Amino acid sequence: MKHYCPYCNSEQEYYIDKRIFKEYKGVDVNVEENVPICKKCKNELIINNIEDENLKRIYSKYREVKNIITPSEIKDLRARYDISQRELTAILDFGKMTINRYENGSLPSKSQSDYLKLISKEKNEFFNKVKEAYYTNRISQKTFSKIENIINKQSVHDDNYELKLYIENELKTSPNIFNGFKVLDLEKLQNLISYIASKTKLYLTSLNKYLWFIDMISYNQRAISITGLTYVHEQYGPVIINRKYEEISKLDEKYKREDKENNDGSIQSVITSNGNYDLSSFNDKEIKIIDYVISLLSNKSVKAISNLSHKELGWKNTERFEKISFEYADNLKILK
Ligand SMILES: [Zn+2]
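Here's what I pulled together on the structure shown here. Keep in mind the model is a prediction, meaning the values are calculated, not measured. (Residues numbered from 1 in each chain as written. Predicted model: local features only at pLDDT ≥ 70, side-chain atom pairs only at ≥ 80, totals over all residues. Heavy atoms only, no water.)

In this section: the overall build of the protein chain. Scanning the protein chain for helices and strands turns up 14 helices and 8 strands. Principal-axis analysis of the C-alpha atoms gives the protein chain an extent of 85 × 60 × 30 Å. In the protein chain, the share of contacts with a sequence separation of at least 24, taken over all contacts with a separation of at least 6, comes to 61%. Carbon and sulfur atoms provide 48% of the accessible area of the protein chain, an area that totals close to 17700 Å². Charged side chains of the protein chain number 54 positive and 49 negative; the gap between the two group centres comes to 3 Å. (Helix = DSSP H or I, 4+ residues; strand = E, 2+ residues; numbered from the N terminus. Contact = heavy atoms within 4.5 Å. Areas by Shrake-Rupley, 256 points an atom, 1.4 Å probe, with all protein chains shown as cover. Lys, Arg positive; Asp, Glu negative; His and termini not counted. Charge placed at Lys NZ, Arg CZ, Asp CG, Glu CD.)

Take a look at the structure:
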């Protein structure tokens, strides 16, 4: 491999030195970096495509840690409303080509990213912005009507919309040690529940433990949880804070909840998958963790799963109703 070396002022052979890039904008990224070195003078060279690949890896790790919107999420947002990059840029009143750059891998600021995430989740927020863009002549009547029609159609079909908004308002917190440094992703959570339920007979009480173990193992291995849920210590083990598993289990696009009465009069809730889960927003590592937890728990009884959770320090060292910190993920009995 040869490249121009400014120190030798000639084409020179170079080799790649592997280094660890530790920190980017105050975030521990620890990404492997390829640094080309001139064989003759041992100086570092700047080679554009190698540098681009390095940056891509750093950005993607930074994105994951800071929960920055991805290019595909922006494309999904446009696809949902059938709008072009230019139309979306105009609606948001961002600088020219901004969306184009973000879709090609440039890193949005945290505030622009948070705003993009907000409007992709909350239809009303998005539509308010569309109206503003129309009244201030940033978009045409044609664009406005197109989006209005799509939103009207969606509202009729999405019975869970209000419930989802409510759950998100109740559970969404900024990244901290109690949500595994992840902002709640309700779409992802629903797909995850549907997936687990497709693999095993899933009781509502055990669902809490499945999710907790999945998030704890994820935090143990990746320093970030998968769902962004916060859990508290309850009598039978860790559960989603403020009993929000009740409402989450009633979202019915991806799964159904059925309550059955036992002989002793107690109620047992079972969640069955609708089979329409979409795992495309999960990466390979996440799927591996999820499958691992399913393989460990799926043949165990509700009681046995509860007992497993009672062995964990996160449960042992907390009081009833106390939030369970992800710090306890460092030392997981289930991984031993
Ligand atoms: Zn040189």
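That was the structure; now back to the text.
The next subject is the sheet that holds strand β4 (residues 202-203). Ordered in space as β4-β8-β7, the 3 strands form an open sheet in which the pairing is antiparallel. For this open sheet the edge positions go to β4 and β7 (255-261), each flanked by a neighbour on one side alone. One ladder, built from 2 bridges, connects β4 with strand β8 (residues 267-273); its direction is antiparallel. Residue leucine 202 lies in a different strand from β8, and its bridge partner there is isoleucine 271. (Pairing = 2+ DSSP bridges.)

What follows covers the coordination of the zinc ion. Taken together, the protein ligands of the zinc ion are Cys5 (SG), Cys8 (SG), Cys38 (SG) and Cys41 (SG), with distances of 2.2 to 2.4 Å. Around the zinc ion, the 4 donor atoms sit at angles spanning 101 to 115°, and that spread fits a shape best called tetrahedral. The class of cysteine 38 is buried, set by a relative accessible area of 0%. (Donors = N, O, S within 2.8 Å, 3.2 Å for Na, K, Ca; no water. Tetrahedral: all angles 85-135°; square planar, octahedral: opposite > 155°, others 65-115°. Buried < 20%, exposed > 50% of the residue type's maximum accessible area, 1.4 Å probe, protein only.)

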